[in-house]
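Fold and geometry: a report
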Amino acid sequence: MRTTIPQSIPLVSLFLRFVLIGALAAMLGFVGCRRETTPSESRIPLMRDVTKETGITFVHTDGSSGRRYIMETVTCGLALFDYNNDGLLDIYFVNGAPLPGAPARNPPPRNELWRNDGNWHFTNVTDQAGVGDTGFGMGVTVGDYDNDGWPDIFVNNYGPNKLYHNNGDGTFTDVTDQAGVGGGNRMGAGAAFLDYDNDGDLDLYVANYVKFTEQSHRVHYVKGYPMYAGPRDFPPEPDQLYRNNGDGTFTDVSMETGIGTHAGSGMGIVCSDYDNDGDTDVFVLNDVAGNFLFRNDGQGHFEEVGLETGFAYNGSGDELGSMGIDCGDYDNDGWLDFFMTSYQAELPVLYRNLGNGTLEDVTVVTGAGQGCLPYVNWGTGLIDFNNDGWKDLFIACGHLQDNIDLYDDSTAYAVRNILLLNRGNGTFEDVSRRCGDGLDPVFSSRGAVFGDLDNDGDIDIVVLNSREKPTIIRNDQRSGNHWVQITLRGVQSNRDAVGAKIRIVAGGLTQVDEVHSGRGYQSYWGPRLHFGLGRAAVIDRIEIHWPSGKTQVFEHLPVDRFITFTEGESTFLSKSVDEMPH
């Protein structure tokens, strides 16, 4: 997050940057687009805004009082998961809390859990579940840290964090103190469960933003208007890594693993085995600073290699106002790539994984930044929305300076979100205004999560909007393409199979994906993996690479199915759409 248009760029230079980037996109990115005709309407997913019919009444607050505290601008993420194991994805909204100077509210704002009842209706079960934290929420992740078959919730706050243990009866218990993951009085950001030591239980990575105190608070002014401070106005803060002890408690191993020796301004994170060496690495975005890539050496230690791998900066060597991150194999070459969002007047970055331990900025040549440059970008996902086997891009947008419209007409506070369709030839096309009314809402969005809310075989979207109600988007794609959704159950590996990789071959196309726990902008979705299969009528082969090191292969499987594989078992559970709750 920058406090305004980057100080080092005069307005004339800023204008030239817009022109040059546009010209490069025209010369490079759209050259590839000309190799293929404009997508037919059937290939463009039909996205519908169904917020009103869901019954969801959650409204986000950033706790603002007019004093303009920095944490107001960066709250918050949300989670999409099946808390009661009924086969339907539920929504956990993180919320802010009143800051000094804000009027007291009764009842106070809190996080909210909305149960999916089916048929696009949700019920607020926050009180029943006991997960209505009233702290100032920033990030959230979900994982079965005790391998009991029920997903638990970790909330990363400004202030003490929360760990809710799922009791398996629709309720949760606050076990933060018992587990030892409260974290002290820090300003949190993204969080993720991962099994960094491959011992079969989930550890916890907690990103932190900056060191803030009431005494260090400041406000800037531009053209006489007040403006929120940025991360450079405060000292950086190291992140924390907690090792799961296997008995319901965690140990802070930040220093001994090398994580705690690096201070940054953490935002979104994702954990992924980017170099295919069998252990999980950690990607941390830092706001207006070089990003961190902590490479796991497989011996309990991490080395920060952001600069040498090309992840620290964009292809021009610029540090960015980095926000959210996701990973996926956009070009189906067998290596997971990474997409990160950024600030106004900065393109987001699509990092192509070259397969040799390095990443290349291919944003311009792929057109992956179309429509993004004027706006601040937040939540994001590499998702196949039309089931053609190629991952598309969703980007949530909106400024953090709530009065930006008064002094900068090159951008706006509330804007539409963006959908870029993967053309299957290494380029993307902006179809945001051709994909139905789901992207019509104009808000200042933050976190975004993705999942099949109605179990019909395509991926829907939930967006958290700052100071507003959320946006619930139903995917009514009409391509006729096939698909499969896969859930993994670890036995020797952690039960959620976080870190497992799947390679699937169907219709002449090979795809890979990985189970994650924490991604996007301080959010969580999963762990069911979705693969579009195009016109393939059968799945030729599925390879599962478990965190334990085991590999299983299955051949000649049906399409349009929800399949559950259990580690070490030769049989699997397969359900059709009609057998799933809707």
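Calculation rules
- Residues numbered from 1 in each chain as written.
- Predicted model: local features only at pLDDT ≥ 70, side-chain atom pairs only at ≥ 80, totals over all residues.
- Heavy atoms only, no water.
- Helix = DSSP H or I, 4+ residues; strand = E, 2+ residues; numbered from the N terminus.
- Salt bridge = Lys/Arg side-chain N within 4 Å of Asp/Glu carboxyl O.
- Buried < 20%, exposed > 50% of the residue type's maximum accessible area, 1.4 Å probe, protein only.
- Pairing = 2+ DSSP bridges.
- Axes fitted to C-alpha atoms, helices over the stretch in contact; angles between N-to-C directions.
- Phe/Tyr/Trp six-rings, centres within 6.5 Å; stacked < 30°, edge-to-face > 60°.
- Lys NZ or Arg CZ within 6 Å of the ring centre and 35° of its normal.
- Domains from an automatic or database assignment.
- Contact = heavy atoms within 4.5 Å.
- Buried area = accessible area lost by both parts, 1.4 Å probe.
- Polar contact = N/O pair within 3.5 Å; in protein donor to acceptor, adjacent residues only side chain to side chain.
- Nonpolar A, V, L, I, M, F, W, Y, C, P; charged D, E, K, R; others polar.

In the nomenclature of an unreviewed UniProt entry, the protein chain corresponds to ASPIC/UnbV domain protein from the organism Thermogutta terrifontis.

**Considering unusual backbone geometry**
A cis amide bond links Asn-106 to the next residue, Pro-107, at an omega of 0°. On the secondary structure map, Pro-107 appears in the loop between strand E3 (90–93) and strand E4 (112–118). A cis geometry characterises the amide bond from Gly-526 onward to Pro-527, with omega recorded as 5°. Within the fold, Pro-527 resides in the loop between strand E36 (524–525) and strand E37 (529–534). The phi angle at Asn-147 is positive, at roughly 55°, despite the residue not being glycine. By secondary structure assignment, the location of Asn-147 is in the loop between strand E6 (136–143) and strand E7 (152–158).

**Notes on the pattern of salt bridges**
Counting across every chain of the model gives 25 salt bridges. Arg-232 serves as the salt-bridge partner of Glu-319, at 1.7 Å between the closest nitrogen and oxygen. Within this pair, whereas Glu-319 is found in the loop between helix H7 (306–309) and strand E22 (325–328), its partner Arg-232 is found in the loop between strand E13 (225–228) and strand E14 (237–238), the two being separated by 87 residues in sequence. Classification of Glu-319 by relative accessible area gives partly exposed; the value is 25%. Judged by relative accessible area, which is 58%, Arg-232 ranks as exposed. The partner of Glu-555 in a salt bridge is Arg-541, with the nearest N and O atoms 3.1 Å apart. Taken as a pair, Glu-555 in strand E39 (residues 551–557) and Arg-541 in strand E38 (residues 539–545) lie far apart in primary sequence, 14 residues in all. For Arg-541, a relative accessible area of 28% gives the class partly exposed. Each of Asp-62, Arg-68, Asp-402 and Arg-467 takes part in one network of salt bridges that share partners.

**Describing the sheet that holds strand E27 (residues 392–397)**
The 4 strands are arranged E26-E27-E28-E29 in an open sheet whose pairing can be described as antiparallel. Of all the strands in the sheet, just strand E26 (377–383) and strand E29 (428–430) have a single pairing partner and so form its edges. For this sheet, the mean angle separating the axes of adjacent strands, direction not counted, is 20°. As judged from the 5 bridges shared by E26 and E27, these two strands associate in the antiparallel manner. Bridge pairing in E27 places Thr-380 opposite Ile-395.

**Brief notes about the packing of aromatic side chains**
Using the criterion set out here, one finds 24 aromatic pairs in the structure. A ring pair is formed by Tyr-205 and Phe-294, whose centres lie 6.5 Å apart and whose planes are at 45°; its orientation type is tilted. Of this pair, Tyr-205 sits in strand E11 (residues 203–208) while Phe-294 sits in strand E20 (residues 292–296), and the two are 89 residues apart along the sequence. Both residues of the pair, Tyr-205 and Phe-294, belong to the buried class. By way of ring pairs, the aromatic residues Tyr-69, Phe-136, Tyr-158, Phe-212 and Phe-234 are connected into one cluster. One Lys or Arg, Arg-68, reaches over the ring of Tyr-228 and ends 5.1 Å from the middle of that ring. Between the NZ or CZ atom of Arg-218 and the centre of the ring of Phe-234, over which it lies, the distance is 5.9 Å.

**Some words on the sheet that holds E38**
Spatially, the 4 strands line up as an open sheet ordered E35-E34-E38-E39, and their pairing is antiparallel. Two strands close off the open sheet at either side, each with one partner strand: strand E35 (509–514) and E39. With strand direction ignored, the average angle separating the axes of adjacent strands in the sheet is 15°. The sheet contact formed by E38 and E39 spans 6 bridges and is antiparallel. Bridge pairing links Ile-539 to Leu-557 in E39.

**Some points on the domain arrangement of the protein chain**
For the protein chain, the assigned domains read domain 1 (59–475) and domain 2 (482–579). When each unit is reduced to the centre of its C-alpha atoms, the spacing between domain 1 and domain 2 is 23 Å. Residue-level contacts link 69 residues of domain 1 with 37 residues of domain 2. Carbon and sulfur atoms supply 50% of the area buried between domain 1 and domain 2, which totals about 3700 Å² over both sides. Linking domain 1 to domain 2 there are 2 salt bridges. In this structure, Asp-326 and Arg-519 form a salt bridge, with 2.9 Å as the shortest nitrogen-oxygen distance. Inspection of the region where domain 1 meets domain 2 yields 23 residue pairs in polar contact (both at pLDDT 80 or more). Of all elements in the fold, only strand E2 (78–81), E6, strand E10 (188–194), strand E18 (266–272), E22, E26 and strand E30 (445–451) reach the threshold of two or more residues within the side of domain 1 that touches domain 2. Classifying every residue of the side of domain 1 that touches domain 2 by side-chain character gives 31 nonpolar, 25 polar and 13 charged.

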